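Report on the structure
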Amino acid sequence: MRPSPSSVPPGSGVFDPPPAAAAVPWGYLLLTATTVAALAAAAVKAARRSTRPPVEELREP
């Protein structure tokens, strides 16, 4: 059975020594921001190109 985090004694090797700086996943953040921007642009473009009222779009099977 694993001990709970509060019962782990200091110097157990989990973060011994602690990291010098926090790691930032810049590639992942850039990919996520690019994806969100592309989805937003596609939604805006689709909304602007739609010529029928939204109610008709929703009722269509």
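Just so it is clear, the model here is predicted, and its values are computed rather than measured.

About the cut-offs
Residues numbered from 1 in each chain as written. Predicted model: local features only at pLDDT ≥ 70, side-chain atom pairs only at ≥ 80, totals over all residues. Heavy atoms only, no water. Helix = DSSP H or I, 4+ residues; strand = E, 2+ residues; numbered from the N terminus. Buried < 20%, exposed > 50% of the residue type's maximum accessible area, 1.4 Å probe, protein only. Areas by Shrake-Rupley, 256 points an atom, 1.4 Å probe, with all protein chains shown as cover. Patch = residues over 30% accessible without salt bridge, like charges linked within 9 Å, V, L, I, M, F, W, Y side chains within 5 Å. Salt bridge = Lys/Arg side-chain N within 4 Å of Asp/Glu carboxyl O.

Regarding the overall build of the protein chain
Along its length, the protein chain carries two helices and zero strands. Put simply, the protein chain has 61 residues, and 0% of those count as buried. Summing over all exposed atoms, the protein chain offers an accessible surface of approximately 6000 Å²; the carbon and sulfur share of this is 67%.

Concerning a nonpolar patch on the surface
The grouping of Val24, Trp26, Tyr28 and Leu29 at the surface amounts to a nonpolar patch, some 480 Å² of accessible area in total. Here Val24 lies in the segment before helix H1 (26–49).

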